[in-house]
Amino acid sequence: MIGRWRLAALAGVLLMTGTLVAVAAEPAAEAAPPVPQSDSFYQPPAGFASTAPGTVLRTRQVTAGAFTKFRQHAMAWQVLYRTTDNEGRPEATVTTVMQPSGSKPSKLRPLVSYQVAEDSAAPQCGIGYQLRRGAKNANIVAKTEIVLIDAALSKGWVVTVPDYEGPNSAYMAGRQAGHAVLDAIRATESFRRTGLNGAATNVGLWGYSGGALASDWAAELQSSYAPELNIAGVAEGGLTVEPAEMLDQINKGSYAGMAMSAIAGLRHAYPQLDTFLDRHLTPAGAAAFALAARQCNSANVATFARRDVDRYFTVPHALTQLVPTQVFTEDTLGQHTPTAPLYLYQAVHDEVAPQAEVDAMVASYCNDGGAVTYHRDILSEHVALVITGAPGALEWLAAQLGGTQADAGCHTSTVASSLLSPSALFTMGIALYDDLLALAGEPIGPDDMS
């Protein structure tokens, strides 16, 4: 008899084969929905600023799509809600709430807030737009994370996917992201179509790379900003702790375009950084950053690969001067220890997010009484770990949301590959098989949680 892990591996092959078949017989294109810049749904109603953070301001049902054309047979709504920006001012942003196909409202369902790696400084790159069927594939990296969102839906969970960068696309602005994630959870818990158990709902957070940054900021801010939430656990991988170190590591390399996206996003959150850039950018630099603010991160990575960001400034080592340093310091993680348990997975040879920074942050959390399960992966790199680390994260979240508490204290392990355990391989196979069915148009997830 074929072992379960061999069936899981076979499912991966089937997914690749089935995807090729699906692409060959792709459905007719659907008209693209309006981008957020020209969509009135994104504009908050008068008086919204006087409402409490997490208040639902407007909702609409939408059709979710994978890679623009493939309809996802799950229930989906966009929810405009009130949140708080990086400076503590009221603003409104959108989260996409998804439930298993045909499911009824239920107080028994857990909620997972999934943060995609938007990593961009332009509104059309937001996942609320990118998840809609017919939306252009401008942010292809974020769009591919539908496979992980579907994996969570297949567990029977409600999934909320926030546009945590807010209306100004403030990529890398930590407090902005943390507030928006926590308020998306509040809004989803009160959204009547989910029927969730309010603040008593078991909540998990999950994200990778830029999505991990947003998840960790939410975890650090929860006790002061949203202490009523029942967050059972936070799974995150490929985490960037210090913006300055990340920008230095990727400058002149294959991912130098991410530095352009990051600086353009932080510029939207910090007027003093905007003024600094206006004063010290060369004409070519001003044009380059204007382009970076119009493009999604995948285009910026292609456009600015191996560029030296320093060459865009009129002064040497501009990003080490006072104003940028103050901004980067403010957006460095590790300032508060999360009260929720964490599951962290990191590539030892990550070319974007330096592992040493994560080691230091974990040590800080642990010394302050935090609970962290930390897995370091030797063979994976930044992109590969998105997939190889996902099964472990999914298994851990399922245990946390099912009532199995993480071990107290901290546990660090270094493995050759996150996929080497039979349980992880099996989980991967089941998730891939479910994703294949989803791409083929089958309903996603169980409709009953009783």
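Here, every reference points to the structure presented above.
Not measured: the values here are computed from a predicted model.

Cut-off values and rules
- Residues numbered from 1 in each chain as written.
- Predicted model: local features only at pLDDT ≥ 70, side-chain atom pairs only at ≥ 80, totals over all residues.
- Heavy atoms only, no water.
- Axes fitted to C-alpha atoms, helices over the stretch in contact; angles between N-to-C directions.
- Helix = DSSP H or I, 4+ residues; strand = E, 2+ residues; numbered from the N terminus.
- Left-handed = near helix turned anticlockwise from the far one by under 90°.
- Contact = heavy atoms within 4.5 Å.
- Nonpolar A, V, L, I, M, F, W, Y, C, P; charged D, E, K, R; others polar.
- 1 Å grid on protein atoms, 1.4 Å probe; cavity = no way out; pocket = protein on both sides within 12 Å on 5 of 7 lines; lining within 4 Å.
- Points joined across faces, edges and corners; volume = space filled by probe spheres on them.
- Buried < 20%, exposed > 50% of the residue type's maximum accessible area, 1.4 Å probe, protein only.
- Pairing = 2+ DSSP bridges.
- Right-handed = clockwise from strand over helix to strand, strands pointing away.
- Polar contact = N/O pair within 3.5 Å; in protein donor to acceptor, adjacent residues only side chain to side chain.
- Salt bridge = Lys/Arg side-chain N within 4 Å of Asp/Glu carboxyl O.
- Disulfide = S-S within 2.5 Å.

**Considerations on the packing of helix α7 (residues 243-250) against helix α8 (residues 256-269)**
Packing of α7 against α8 leaves a shortest axis separation of 8 Å and a crossing angle of 145 degrees. Seen from above, α7 lies across α8 with left-handed handedness. Residues Met246, Leu247 and Ile250 of α7 touch α8, and the partners they reach there are Ala256, Met258, Ala259, Ala262 and Ile263. Residues that form the contact of α7 with α8 fall into these classes: 8 nonpolar, no polar and no charged.

**As for the layout of surface pockets**
Of the volumes computed, that of the largest pocket is approximately 400 Å³. Among the elements of the structure, α3 (140-144), α11 (297-303) and α14 (384-388) are those that each provide at least two residues to the lining of the largest pocket. With 3 residues, α11 is the largest single contributor of residues to the lining of the largest pocket. Among the residues forming the lining of the largest pocket, the class breakdown is 11 nonpolar, 5 polar and 2 charged.

**Thoughts on the pairing of strand β8 (residues 203-208)**
β8 sits mainly inside the fold: 6 of its 6 residues count as buried. Where β8 and strand β9 (residues 231-237) come together, 6 bridges link them in parallel fashion. Note on β9: the bridge partner recorded for Val203 is Ile231. Traced from β8 through helix α6 (residues 210-225) to β9, the parallel crossover comes out right-handed.

**Observations regarding the environment of Ser261**
Its place among the elements puts Ser261 in helix α8. The exposure class of Ser261 is buried, given its relative accessible area of 0%. Considered as a pair, Ser261 and Val301 are 40 residues apart in the sequence and their alpha carbons are 8.7 Å apart. Ignoring anything within four residues of it in the chain, the contact list for Ser261 reads Asp119, Ala121, Tyr171, Asn297 and Asn300. A polar contact is formed between the side chain of Ser261 and the side chain of Asn300, at a distance of 2.8 Å.

**A word on the environment of Pro33**
Mapped onto the elements of the fold, Pro33 is located in the loop between α1 (4-24) and β1 (56-61). Residue classification places Pro33 among the buried residues on the basis of a relative accessible area of 10%. Here the alpha-carbon distance between Pro33 and Arg132, two residues 99 residues apart in the chain, equals 7.5 Å. For Pro33, the residues in contact, after removing those within four places along its chain, are Tyr129, Arg132, Arg133, Gly134 and Ala135.

**Quick word on the pattern of salt bridges**
Taken as a whole, this structure holds 9 salt bridges when the rule is applied. The salt bridge involving Arg186 is made with Asp183; its shortest N-O contact spans 2.8 Å. One end of the pair, Arg186, and the other, Asp183, are both in helix α5 (residues 174-190), 3 residues apart, so they sit about a helical turn from each other. Since its relative accessible area comes to 16%, Arg186 is described here as buried. Taking the relative accessible area as the measure of exposure, Asp183 reaches 0% and is therefore buried. Here Arg376 and Asp359 are joined by a salt bridge, their closest N and O atoms 3.4 Å apart. With Arg376 in strand β11 (residues 372-377) and Asp359 in helix α13 (residues 355-367), this residue pair connects regions lying 17 residues apart in the sequence. Here the residues in one salt-bridge network are Asp39, Arg60 and Arg132, joined through shared partners.

**Brief notes about unusual backbone geometry**
In the Ramachandran plot, Met172 falls in the positive-phi region, its phi being about 80 degrees despite a non-glycine side chain. Residue position: Met172 is located in the loop between β7 (158-162) and α5.

**Structural notes on the state of the cysteines**
Summed over the entire model, instances satisfying the criterion amount to 2 disulfides. Disulfide partner of Cys125: Cys296, at an S-S distance of 2.1 Å. Looking down the S-S bond of the Cys125 and Cys296 bridge, the torsion is -100 degrees, so its handedness is left-handed. With Cys125 in the loop between β6 (111-115) and α2 (127-130) and Cys296 in the loop between α10 (283-292) and α11, the pair connects residues that are 171 residues apart, well separated along the chain. Under the relative-accessibility criterion, Cys125 is labelled buried at 0%. Cys296 sits in the buried class, given a relative accessible area of 3%. Residue pairing for Cys366: its cysteine sulfur links by disulfide to Cys410, the two sulfurs lying 2.0 Å apart. Between Cys366 and Cys410, the disulfide has an S-S torsion of -110 degrees and is therefore left-handed. In this pair, Cys366 is assigned in helix α13 and Cys410 in strand β12 (residues 410-415), connecting sequence segments 44 residues apart. Residue classification places Cys366 among the partly exposed residues on the basis of a relative accessible area of 23%. On the basis of relative accessible area, Cys410 is assigned to the partly exposed category, the value being 29%.

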